[in-house]
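Analysis of the macromolecular model
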Amino acid sequence: GENVEQHPSTLSVQEGDSAVIKCTYSDSASNYFPWYKQELGKRPQLIIDIRSNVGEKKDQRIAVTLNKTAKHFSLHITETQPEDSAVYFCAAPRPSGSARQLTFGSGTQLTVLP
Amino acid sequence: NAGVTQTPKFRILKIGQSMTLQCTQDMNHNYMYWYRQDPGMGLKLIYYSVGAGITDKGEVPNGYNVSRSTTEDFPLRLELAAPSQTSVYFCASSYISGGDTEAFFGQGTRLTVV
């Protein structure tokens, strides 16, 4: 099955700096890579995703890059703001019974210091 | 649309007790899921369903049961609660397979077994 490793587990940055979170996956057949943000006490919510036919995707201050050869993908947040403080999860699909399901990384606690 | 709604939000159970976590969605999604989230860990898939009448095991199904009698509802049953089931439980749904598209999460149920 799919194994997703996420690093770092915690990350502190100064407001305005950039933050990078990296994930590796094991199944070379994986082709969909979402990132979820979970604020304290709240539900996970999708912030960006990428499919294997592109190498990079941007949405304002957030970008995701994918390296299929090395089997890793990264979340980049530029000009960080205090409201970016949250836990971020990467995920990759794995075959499971009758449909593919997501395997999640263990999460990165991002703290943006004012 | 309310999205994915879970009840209750909090519950304390004694060892050996039983309970049902309720989940309903109003987005007409075929796929529904139950995850558990332990502190400092990612989301682990317990059970999922690809449509009414169809359920399948995820990564950590032991100690749980599910049913899917309608498209909207996907309750999770704990028959004999154990301390190891202390966790936050999230229900989620997606229009197509969760390995290919965004999953929408409920607000979570925090369960403590004492």
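Residues numbered from 1 in each chain as written. Chains lettered and ligands numbered in written order. Predicted model: local features only at pLDDT ≥ 70, side-chain atom pairs only at ≥ 80, totals over all residues. Heavy atoms only, no water.

Comments concerning the nonpolar core
Phe33(A), Trp35(A), Phe73(A), Leu75(A), Ile77(A), Tyr88(A) and Leu110(A) are the most contacted members of the largest nonpolar core, which totals 23 residues. Mapped by element, the contributors of at least two residues to this core are strand E2 (10-14), strand E3 (19-25), strand E4 (32-38), strand E5 (45-51), strand E7 (62-67), strand E8 (72-77), strand E9 (86-96) and strand E11 (108-113) of chain A. (Core = buried A, V, L, I, M, F, W, Y, C linked by side-chain atoms within 4.5 Å. Buried < 20%, exposed > 50% of the residue type's maximum accessible area, 1.4 Å probe, protein only. Helix = DSSP H or I, 4+ residues; strand = E, 2+ residues; numbered from the N terminus.)

Quick notes on the pairing of strand E9 (residues 87-94) of chain B
All names here are of chain B. Within E9, 8 of the 8 residues are buried, which leaves the element mostly enclosed by the surrounding structure. With 7 bridges connecting them, strand E4 (residues 31-37) and E9 associate as antiparallel partners. Looking across to E9, one finds that glutamine 37 is bridged to valine 88. Judged from the 3 bridges that link them, E9 and strand E11 (residues 109-113) form a sheet pairing that is antiparallel. Bridging across to E11, valine 88 finds its partner in arginine 110. (Pairing = 2+ DSSP bridges.)

A few points about the pattern of salt bridges
Taken as a whole and judged by the stated rule, the model has 5 salt bridges over all chains. Between Asp38(B) and Arg36(B) there is a salt bridge, and its shortest N-O distance comes to 2.9 Å. (Salt bridge = Lys/Arg side-chain N within 4 Å of Asp/Glu carboxyl O.)

Some details on the interface of chain A and chain B
Listed by partner, the interface residues are 22 residues for chain A and 27 residues for chain B. Here chain A packs against chain B, burying approximately 1,900 Å² in sum over the two surfaces, 48% of which is carbon and sulfur. When the area that chain A buries against chain B is broken down by residue, the three leading residues are Arg43(A), Gln101(A) and Phe104(A), summing to 29%. Connecting chain A to chain B are 0 salt bridges. At the boundary of chain A and chain B, one finds 4 residue pairs in polar contact (both at pLDDT 80 or more). Only E4, E5, E9 and strand E10 (99-104) of chain A provide two or more residues apiece to the side of chain A that touches chain B. When residues of the side of chain A that touches chain B are assigned to their parent elements, the largest contribution, 5 residues, is made by E10(A). When its residues are assigned to classes, the side of chain A that touches chain B shows 9 nonpolar, 8 polar and 5 charged. (Contact = heavy atoms within 4.5 Å. Buried area = accessible area lost by both parts, 1.4 Å probe. Polar contact = N/O pair within 3.5 Å; in protein donor to acceptor, adjacent residues only side chain to side chain. Nonpolar A, V, L, I, M, F, W, Y, C, P; charged D, E, K, R; others polar.)

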